[in-house]
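Overview (structure and organization)
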Amino acid sequence: MRLLLLRHAKSDWGDQQLADIDRPLNSRGKTASVTIARYIRDNRLLPNLVLCSTAQRARETLALLLPCMPQEAHIQLISDLYWKSEDGYSTLIRKHGGRAQNLMLVGHNPATEDTALDLAGTGAPEAMADIQEKYPTAALAVIDFDIADWSELGSGTGHLERFVKPRDLESDA
């Protein structure tokens, strides 16, 4: 099974009257979302289930991914991905992931970074160090597991297959 951990793209802080949950993406965030969406499509990292935070910036990030996904994915908006973003996401993945072969989670930091570091027991040392240094907006960790159901998810049981940042993809173009 494969977990795609995507941190929402860069949000707009221009309107100080907006509640944090209502902040939209800024133009850089929109560009990064499209860049990572194309990477996901071109590398066939297509989820069949997406768990997405109810925050505006997370929903906008997901909306920009959808046109690059040629297959249909079931989408669940989960408020706990926003409200409990100070904790890790493992409990929510176990609860909502079911038997989805390719599960994408669109969430927030520090929970996205903490979850990646907690679940990845193996992986390229450079990629692990990269996550520890910074999990930037619109970055994607791909973690593979040898489990049959997400309820079996455990700390250190995954293999970090790759860690991708939009700015690295833009420099490759």
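Residues numbered from 1 in each chain as written. Predicted model: local features only at pLDDT ≥ 70, side-chain atom pairs only at ≥ 80, totals over all residues. Heavy atoms only, no water.

On to the side chain of E113. In this structure, E113 sits in helix α5 (residues 111-119). It turns out E113 is buried and unbridged, and the closest side chain with the opposite charge, R7, is 6.6 Å from it. Not counting residues within four places of it along the chain, the set of residues in contact with E113 comprises I131, Q132 and Y135. (Helix = DSSP H or I, 4+ residues; strand = E, 2+ residues; numbered from the N terminus. Buried < 20%, exposed > 50% of the residue type's maximum accessible area, 1.4 Å probe, protein only. Lys, Arg positive; Asp, Glu negative; His and termini not counted. Salt bridge = Lys/Arg side-chain N within 4 Å of Asp/Glu carboxyl O. Contact = heavy atoms within 4.5 Å.)

Another aspect to go through is helix α1 (residues 27-42). Over its 16 residues, α1 extends 23 Å from the first C-alpha to the last, a length consistent with the 22 Å expected when each residue adds 1.5 Å. Every buried residue belonging to α1 is among G29, A32, S33, T35, I36, A37, Y39 and I40, and all of these are buried. Sitting at the amino-terminal end of α1 is N26, which places a side-chain oxygen 3.1 Å from the backbone nitrogen of R28. A positive phi of about 55 degrees marks R44, the residue just after α1. (Expected span 1.5 Å × (residues − 1). Polar contact = N/O pair within 3.5 Å; in protein donor to acceptor, adjacent residues only side chain to side chain.)

Moving on, we come to the pattern of salt bridges. Taken as a whole and assessed by the stated rule, the structure comprises eight salt bridges. D42 is the salt-bridge partner of R41, the closest N and O atoms lying 2.9 Å from each other. Given a relative accessible area of 33%, R41 falls into the partly exposed group. Notably, a salt bridge pairs E161 with R162, separated by 2.4 Å at the nearest N-O pair. The partly exposed category is assigned to E161, whose relative accessible area is 32%. By sharing partners, the salt bridges in this structure join D20, R23 and R57 into a single network.

The next point concerns the state of the cysteines. Scanning the model with the defined rule gives zero disulfides in all. For C52, which is in no disulfide, the shortest distance to another cysteine sulfur is to C68 and amounts to 16 Å. C52 sits in the buried class, given a relative accessible area of 0%. For C68, a relative accessible area of 11% puts it in the buried group. (Disulfide = S-S within 2.5 Å.)

Looking at the element boundaries, T115 is found in helix α5. Take T115: its relative accessible area is 1%, and that puts it in the buried class. There is a polar contact of 2.7 Å between the side chain of T115 and the backbone oxygen of A111. Setting aside chain neighbours within four positions, we find T115 in contact with L5, G88, Y89, S90 and I93.

Time to look at the pairing of strand β2 (residues 49-53). Burial of β2 is extensive: five of the five residues sit out of reach of the surface. Burial along β2 is two-sided: L49, L51 and S53 facing one way and V50 and C52 facing the other are all buried. Across five bridges, the pairing between β2 and strand β3 (residues 74-78) is parallel. In the sheet register, L49 faces β3, and the bridge partner there is H74. Traced from β2 through helix α2 (residues 56-65) to β3, the parallel crossover comes out right-handed. As paired strands, β2 and strand β4 (residues 102-107) are joined by four bridges and run parallel to one another. What sits directly across from L49, in β4, is L103. (Pairing = 2+ DSSP bridges. Right-handed = clockwise from strand over helix to strand, strands pointing away.)

Taken by themselves, the reported measurements are silent on function.
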